[in-house]
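# Commentary on secondary and tertiary structure
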Amino acid sequence: MASWTIQKLLDWTTEYLTSKGVDAPRLSAELLLCHTVELTRIELYTQFDRQVAKRQLDQLHDLVKRAGLHEPVAYLTGRTEFYSLELEITSDCLIPRPETELLVQRAIEFLRTRAGVQFVCDLCTGSGCIAVAIAKNHPDSRVIATDISAGALDVAAQNVEKHQLKERIELLQGDLFEPLVRQLDVDQFDLIACNPPYVSAAEYERLDNNVKDYEPKSALYAGTDGLDVYRRIMEKADQFLKPGAALMLEIGYAQGPAVRELLEETGAFAKIKIEKDLHDNDRITIATKVSH
Ligand SMILES: C[S@@+](CC[C@H](N)C(=O)[O-])C[C@H]1O[C@@H](n2cnc3c(N)ncnc32)[C@H](O)[C@@H]1O
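Model, not experiment: these values are computed from the prediction.

Bringing the pairing of strand β9 (residues 282-289) into the picture now. Counting buried positions along β9 yields 8 of 8 residues, so the element is predominantly enclosed. Of the pairings in the sheet, the one linking strand β7 (residues 241-250) to β9 comprises 5 bridges and is antiparallel in character. Its bridge partner lying in β9, E250 is registered against I284. Examined bridge by bridge, strand β8 (residues 269-276) and β9 share 7 bridges and lie antiparallel to one another.

Quick look at the sheet that holds strand β3 (residues 118-123) now. Taken in spatial order, the 7 strands of this open sheet run β5-β4-β3-β6-β7-β9-β8, and their pairing is mixed. Strands with a single pairing partner mark the edges of an open sheet, and in this sheet they are β5 (169-173) and β8. Looking at each pair of strands side by side, their axes are set apart by 15° on average, direction ignored. Across the sheet, helix α6 (residues 101-112) lies against β3, β4 (141-147), β6 (189-194), β7, β8 and β9, angled at about 165° from β7, the strand it touches most.

At E38, a position not held by glycine, the phi torsion is positive, near 55°. Mapped onto the secondary structure, E38 falls in the loop between α2 (25-37) and α3 (41-46). Although it is not a glycine, C124 adopts a positive phi angle of roughly 60°. Relative to the helices and strands, C124 is located in the loop between β3 and α7 (129-137).

Our focus in this paragraph is the site of the ligand. Close to the ligand lie 20 residues; C124, D147, D175, L176 and N195 are nearest. Between I148 and the ligand, the recorded distance is 3.1 Å, taken from a backbone N or O atom to a nitrogen atom. D175 is positioned such that a nitrogen or oxygen atom in its side chain is 2.8 Å from a nitrogen atom of the ligand. Compared with its free state, where it exposes 600 Å², the ligand has 94% of that area covered by protein.

Time to look at the environment of D282. With respect to the secondary-structure elements, D282 resides in strand β9. Each C-alpha atom, one on D282 and one on V143, is 26 Å from the other, the two residues being 139 residues apart in sequence. In this structure, D282 is in contact with I251, G252, Y253, A254, Q255, G256, P257, I274, E275 and K276, ignoring residues within four places of it in sequence. Among the polar contacts listed, one links the side chain of D282 to the backbone nitrogen of G256, at a separation of 2.9 Å.

Time to look at the packing of α6 against α7. Relative to each other, α6 and α7 sit at 35°, their axes nearing to 10 Å. For the element pair α6 and α7, the recorded crossing hand is right-handed. On α7, the residues touching L103, V104, A107, I108, L111 and R112 of α6 are I130, A133, I134 and N137. Here the residues of the contact of α6 with α7 sort into 8 nonpolar, 1 polar and 1 charged.

Our next topic: the side chain of N159. Inspection of the secondary structure assignment puts N159 in helix α8 (residues 150-162). Not counting the four nearest positions on each side in its chain, N159 is found in contact with L87, E88, S127 and V132.

With 33 residues, the main nonpolar core has F177, I192, Y230, I233 and L247 as its most contacted residues. Residue contributions to this core peak at 5 residues, all from helix α12 (residues 228-237). Among residues more than four places away in sequence, those in contact with Y230 are P196, Y198, L249, E250, I251, G252, Q255, V259 and L262.

Our next topic: the domain arrangement of the protein. Each domain of the protein was delimited in the assignment, giving domain 1 (6-77) and domain 2 (94-289). For domain 1 and domain 2, the distance between their C-alpha centroids amounts to 33 Å. With 6 residues of domain 1 in contact, the opposing surface of domain 2 contributes 6 residues. When domain 1 packs against domain 2, the two sides together hide about 540 Å² of surface, and 64% of this comes from carbon and sulfur. The three residues of domain 1 that bury the most area against domain 2 are H70, P72 and Y75, which together make up 68% of that side's buried surface. At the boundary of domain 1 with domain 2, the tally comes to 0 salt bridges. By residue class, the composition of the side of domain 1 that touches domain 2 is 4 nonpolar, 1 polar and 1 charged.

Rules used in this analysis
- Residues numbered from 1 in each chain as written.
- Predicted model: local features only at pLDDT ≥ 70, side-chain atom pairs only at ≥ 80, totals over all residues.
- Heavy atoms only, no water.
- Buried < 20%, exposed > 50% of the residue type's maximum accessible area, 1.4 Å probe, protein only.
- Helix = DSSP H or I, 4+ residues; strand = E, 2+ residues; numbered from the N terminus.
- Pairing = 2+ DSSP bridges.
- Axes fitted to C-alpha atoms, helices over the stretch in contact; angles between N-to-C directions.
- Contact = heavy atoms within 4.5 Å.
- Near = heavy atom within 4 Å.
- Polar contact = N/O pair within 3.5 Å; in protein donor to acceptor, adjacent residues only side chain to side chain.
- Areas by Shrake-Rupley, 256 points an atom, 1.4 Å probe, with all protein chains shown as cover.
- Left-handed = near helix turned anticlockwise from the far one by under 90°.
- Nonpolar A, V, L, I, M, F, W, Y, C, P; charged D, E, K, R; others polar.
- Core = buried A, V, L, I, M, F, W, Y, C linked by side-chain atoms within 4.5 Å.
- Domains from an automatic or database assignment.
- Buried area = accessible area lost by both parts, 1.4 Å probe.
- Salt bridge = Lys/Arg side-chain N within 4 Å of Asp/Glu carboxyl O.

See below:
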């Protein structure tokens with residue numbers, strides 16, 4: 001046992017995860033090891049010869065076994081990185097995806113074109129990743145973030161606290177806009193940002209096991225065609241937006257045309273743009289409310 005150094009464990013774990021077909025096996029091994037020995041990734045690289053204690057070996061063994069069964073590493077370590085911010089994560093919330101950073105980037109760019117305090121609503125906040133990243137990068141923003149899941153909101157609350165944003169982010173539990181109706185101080189926003197559930201019934205069946213078996217179905221599934229939540233957002237978004245304000249939605253890889261049609265049907269938006277991600281998939285829609 002005493003001969004298990006960080007280097008040896010890293011190599012062994014990488015090989016094991018590779019043999020189990022786990023994505024990014026080297027990175028996953030590093031993250032599991034960092035978590036177990038309580039080091040950052042840089043520290044790990046400077047302490048390759050350090051021997052790992054028996055208690056930590058046992059803990060690592062358990063985590064590696066679960067990772068080999070495709071349990072997501074973010075749930076095993078309880079954290080992930082999003083928009084260069086470390087976030088707490090539990091299986092009550094979706095693991096923030098790098099693709100969602102595009103929505104955050106466009107949101108921040110939009111807010112920076114406007115003067116004064118900006119009121120932002122983050123619907124379906126989950127871990128709070130979008131709300132936290134926007135508030136952290138746009139000090140003049142005040143965010144109200146909602147989610148139907150109490151478990152997800154507990155995680156969001158930890159992330160708000162962790163990044164010292166309690167003064168600027170308010171978390172409310174309920175169905176889409178419903179908790180805002182009870183909210184008296186802000187009734188119209190400069191920006192509504194949302195990454196809702198958008199997976200169709202057919203897509204849900206085909207999801208990778210590491211998603212389908214571990215991430216909450218309520219964070220992913222949105223009816224037969226995957227558009228149920230968009231339809232419900234479009235019914236009300238208009239009344240919660242100031243003239244000239246923006247609605248930014250993450251969308252599925254081929255949902256651009258359908259979401260554009262839903263937005264057009266409302267007659268409330270002057271400009272509607274679909275943006276693709278780096279893999280050339282539809283990724284976000286940006287709609288600007290008519291300014292009169
Ligand atoms: C795709 S996840 C997005 C989480 C987070 N914003 C992100 O980008 O990682 C969707 C979230 O919507 C929440 N949700 C699902 N249906 C909802 C509803 N009707 N009202 C409010 N939130 C809902 C889920 O609990 C989940 O946290």
